[in-house]
Amino acid sequence: MSESYVVTIEPIGRQVLCRDDQSILDACLRAGVWLPHSCTHGTCATCKCEVVDGDVDHGEASSFALMDFERDEGKLLTCCATPRSDVTIEADIDVDEDLEMYPVQDYVATLVEKTEIARDTVRLVIELDRDIAFNAGQYLTFEVPPASQADGVAVRRTWSIASPPSEPRRLEFHVRLVPGGRGTAGWVFGGLSVGEQFPVSGPYGRFVLHTGQDNHTIMVAGGTGLAPIKAMLRHGLENEAYGGEMTLYQGGRSRDWLYDVDFFRSLAEEFDQFTYRPCLSAESAEEVAASGDDPTAYGYGMVTDVIANDHASLSGCKGYLCGPPLMVEAALKTLMSRRLFPRDIYREEFFNEGDKSGGVNSPLIKR
Ligand SMILES: Cc1cc2nc3c(=O)[nH]c(=O)nc-3n(C[C@H](O)[C@H](O)[C@H](O)COP(=O)(O)OP(=O)(O)OC[C@H]3O[C@@H](n4cnc5c(N)ncnc54)[C@H](O)[C@@H]3O)c2cc1C
Ligand code: FES
């Protein structure tokens, strides 16, 4: 039988009940108390807080995200820590007043579409048992069934919602195959088929479109990092509160790694405020022309090189970066070298379980 303890969150003074098998973050998000977080699996360190009083179990916090000396100093990762007594924590809660954050809830999802959209990449569309409220850019966790009967343990995996909040029941996701990955190779690219039902929870995450701004927004997506950016773009273009210019840089090795290209091209034709720049790092203009495609429709080189060539200065812009951790780190450096301040750059790194043994934590920015 699990026991529950009172967790007090300072400086706001809110109190929530948390089971001893539940993370402090989970208890807070379900009770409508928003705490900073990103990966929710002990890798990124975004949720690091101070324990003022009480005892916790640090769970699966990676020793890179929460070092031994930090544990000794009384730090914890709220996404991994479970209470062992009543606990008081001090959190750095930085809430955007224009954004309503919605409590996490559990849903039953039915898979209604599974389509291959690029190399090693599928689009999943799920229908929930009821509507969900979320902000554009947030994610759900999916319960991945046990790998085998003998194993018996389900795991949670994290995929970003690619559709806008105006579609609250039918949600789109883009999932990239990770060789050896339990959720992708072992489930999505394994047996998962249309009609199957499974539990999901959410919404999670702080990578959200900040509306009410009219800055030029530079969005940079690598691989399936496009998913939350697509949700933000659709939301921004649908929403009159978002008046700014938006430019999407989508990076891929070659055209067969890119997807939704026609969709973004038609958005760019429809909306003057939107510019689309698909970029190819391992395919040349000559190869594109030889295949009969228009070579001027693409940028060439790493997505960061294309951005650097396009803009001498990005001063006054906002940046949204998403994808593999190394790409996000490179894009962060490029935007900063073009005079964009760290406080104006929002980002989501797609950390996986393998990153726990040494996540890419940028020394450039305080978490
Ligand atoms: C906020 C967020 C949003 C995300 N959104 C998306 C999205 O929209 N689309 C998308 O495709 N991905 C997304 N991801 C990544 C996604 O959550 C998964 O990490 C990814 O799909 C791989 O999952 P998996 O279960 O297949 O791999 P995992 O089982 O996590 O394995 C990943 C790799 O690590 C290795 N590994 C596993 N366990 C260990 C261990 N203990 N030690 C060392 N190595 C290990 C595996 O062999 C494999 O190579 C997101 C990640 C985050 C944090
Ligand atoms: S949210 Fe806790 S370590 Fe990433």
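Scroll up to find the structure.
Just so we're clear, the structure is a prediction, and the values are computed from it rather than from any experiment.

Rules used throughout
Residues numbered from 1 in each chain as written. Chains lettered and ligands numbered in written order. Predicted model: local features only at pLDDT ≥ 70, side-chain atom pairs only at ≥ 80, totals over all residues. Heavy atoms only, no water. Helix = DSSP H or I, 4+ residues; strand = E, 2+ residues; numbered from the N terminus. Buried < 20%, exposed > 50% of the residue type's maximum accessible area, 1.4 Å probe, protein only. Contact = heavy atoms within 4.5 Å. Areas by Shrake-Rupley, 256 points an atom, 1.4 Å probe, with all protein chains shown as cover. Lys, Arg positive; Asp, Glu negative; His and termini not counted. Charge placed at Lys NZ, Arg CZ, Asp CG, Glu CD. Phe/Tyr/Trp six-rings, centres within 6.5 Å; stacked < 30°, edge-to-face > 60°. Pairing = 2+ DSSP bridges. Axes fitted to C-alpha atoms, helices over the stretch in contact; angles between N-to-C directions. Salt bridge = Lys/Arg side-chain N within 4 Å of Asp/Glu carboxyl O.

### Comments concerning the overall build of the protein chain
Counting secondary structure elements, the protein chain contains eight helices and 19 strands. Along the three orthogonal principal directions, the C-alpha set of the protein chain runs to about 65 × 50 × 40 Å. Considering the protein chain as a whole, with its 367 residues, one finds that 52% of them fall into the buried category. A sequence separation of at least 24 residues applies to 70% of the contacts in the protein chain between residues at least 6 apart. Taken as a whole, the protein chain presents about 16,100 Å² of accessible surface, with 47% of it coming from carbon and sulfur. For the protein chain, the separation between the mean place of its 33 positive charges and that of its 57 negative charges on side chains is 3 Å.

### Examining the packing of aromatic side chains
One pass over the full model with this rule turns up 11 aromatic pairs. Where Phe 142 meets Phe 173, the ring centres are 4.9 Å apart and the plane angle is 90°; that geometry is what we call edge-to-face. A residue pair is termed long-range when its members are at least 10 positions apart, and Phe 142 in strand β10 (residues 139-144) and Phe 173 in strand β12 (residues 170-176) qualify at 31 residues. By relative accessible area, Phe 142 is classed as buried at 0%. Taking the centre distance of 5.1 Å and the plane angle of 85° together, the rings of Trp 187 and Phe 198 count as edge-to-face. In this pair, Trp 187 sits in helix α3 (residues 184-188) while Phe 198 sits in strand β13 (residues 197-204), placing the two residues 11 residues apart along the sequence. Overall, Trp 187 belongs to the buried group, its relative accessible area being 6%.

### Notes on unusual backbone geometry
Here the amide bond leading from Glu 10 into Pro 11 is cis, since omega sits at 10°, within 30 degrees of zero. Cis rather than trans, the peptide bond between Gly 202 and Pro 203 has omega equal to 5°. Relative to the assigned elements, Pro 203 resides in strand β13. A positive phi angle, near 75°, is found at Ala 45, a position not held by glycine. If you check the backbone angles, Asp 260 has positive phi at about 60° while not being a glycine. Positionally, Asp 260 belongs in the loop between β15 (246-252) and α5 (261-270).

### A look at the sheet that holds strand β16 (residues 274-280)
Strand order in the open sheet made by the six strands is β17-β16-β15-β14-β18-β19, with parallel pairing throughout. Each edge of the open sheet is held by one strand with a lone partner, namely β17 (299-300) and β19 (345-349). Alignment of strand β14 (residues 217-222) against β15, held across six bridges, turns out to be parallel. The residue of β15 that forms the bridge with Val 220 is Tyr 249. Sitting on the sheet, α5 touches β15 and β16, and the angle it makes with β16 is about 150°. Against the sheet, helix α7 (residues 303-310) engages β14, β15, β16 and β17, with an angle of about 145° to β15.

### Focus on the pattern of salt bridges
Applying the stated criterion across every chain, the model contains 25 salt bridges. Here Asp 262 and Arg 265 are joined by a salt bridge, their closest N and O atoms 3.9 Å apart. Residue Asp 262 and its partner Arg 265 are located together in helix α5, separated by three residues, close to a single helical turn. Under the relative-accessibility criterion, Arg 265 is labelled partly exposed at 26%. Arg 277 serves as the salt-bridge partner of Asp 310, at 3.0 Å between the closest nitrogen and oxygen. Taken together, the positions of Asp 310 in helix α7 and Arg 277 in strand β16 put the pair 33 residues apart, joining distant regions of the chain. Given the relative accessible area of 35%, Asp 310 is considered partly exposed. Bridged by salt links that share partners, the residues Arg 123, Glu 172, Lys 230 and Asp 260 form one connected network.

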